[in-house]
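Listed below, chain by chain, are the residues.
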Amino acid sequence: MSDNKPTFHHLNNSQSQRILWLLEELDIEYNLILHTRNPPTHPTAPFQSPPALVAVSPHGTAPLLITGPKDGNRTIPESLAIATYLIRTFDTDDKFGLKDGDWVRDEVITSMACTNLQRATGFIMMLDFGLIRTGEGPMGGVLDGPELRKQLGSLERELVGGPEGGFFMGERPGRADVILEFPMTMVRHRGYLDLGVEFPRLDEWLQRCYDRPAYRRALEKGNGYDMSVFPKVPR
Ligand SMILES: N[C@@H](CCC(=O)N[C@@H](CS)C(=O)NCC(=O)O)C(=O)O
């Protein structure tokens, strides 16, 4: 391990928090570089990545992982690619089940998180941040609310019908749980709907993630994770 220690570039109030959680769940050594978003008063790039992150990241975004020398000091952007690399490289006991566990289920739920759920939360985020207007045309009313509820309904059914233990992948979080944490935190922090009332099993699942000792350590090591800091534009 000592010859293959990765370096993780993290950005506050961002989806890279879930990778910090994964690093802690894996219980490996890593170098951590904390970046802070530009201030809201920045003339051209408010809340965006600061110059030090832009300088190292091919897409100017976090999360970003630089592998250890054994793996060629390779730069890996993209949450899912980083998560898969970390698990394949360091989960030697197959705790995440990507080798001999139900990796097909993990792939399906990860895909739900990264495609339909991401699209639903992304659309509401654009309304929320005032980037687009809503209610115009028949699809406006579908995407603004019903679509998110449909995706969360599918996920809740997967959770309830899945293996026992409280996480999507059973008794401990899998890659799918880690990837889902961010869109679900967006729903909770930005108040897109009341998870506890509408999707109580998902709400309990999210709390279970937050209660993991590794999750708490990741919060302590990071530099803030509050997705409500971005201004809400009234509609
Ligand atoms: N598809 C990428 C998205 C990464 C991304 O957009 N990260 C945001 C934080 S949530 C970011 O770095 N924003 C700052 C910027 O774009 O300048 C992933 O899954 O990791």
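Basis of the calculations
Residues numbered from 1 in each chain as written. Predicted model: local features only at pLDDT ≥ 70, side-chain atom pairs only at ≥ 80, totals over all residues. Heavy atoms only, no water. UniProt positions renumbered as here; feature names shortened; annotations may be inferred. Phe/Tyr/Trp six-rings, centres within 6.5 Å; stacked < 30°, edge-to-face > 60°. Helix = DSSP H or I, 4+ residues; strand = E, 2+ residues; numbered from the N terminus. Buried < 20%, exposed > 50% of the residue type's maximum accessible area, 1.4 Å probe, protein only. Lys NZ or Arg CZ within 6 Å of the ring centre and 35° of its normal. Pairing = 2+ DSSP bridges. Right-handed = clockwise from strand over helix to strand, strands pointing away.

Turning to the protein, the UniProt record has this under Sequence similarities (unreviewed entry): "Belongs to the GST superfamily."

> I'd love a proper account of the packing of aromatic side chains, names of residues and values included.
By the definition in use, this model includes six aromatic pairs. Here Trp-21 and Tyr-215 contribute two aromatic rings whose centre-to-centre distance is 5.3 Å and whose plane-to-plane angle is 70 degrees, an arrangement assigned as edge-to-face. With a gap of 194 residues between them, Trp-21 in helix α1 (residues 16-26) and Tyr-215 in helix α10 (residues 213-221) connect regions that are remote in the sequence. Like Trp-21, the residue Tyr-215 is buried in the burial classification. An aromatic cluster of at least three residues, connected via ring pairs, comprises Trp-21, Tyr-210 and Tyr-215. For Arg-172, the ring lying beneath its charged end belongs to Phe-96, and the centroid distance is 5.0 Å.

> Can you tell me about the pairing of strand β1 (residues 7-11), naming the residues and giving the values?
Burial within β1 is extensive, with five of its five residues counted as buried. Across the two faces of β1 the burial is the same, with Thr-7, His-9 and Leu-11 and Phe-8 and His-10 all buried. Two elements, β1 and strand β2 (residues 31-35), share five bridges in a ladder whose sense is parallel. Bridged to Leu-11 within β2 is His-35. You can see the chain leave β1, run along α1 and come back into β2, and the turn it takes is right-handed.

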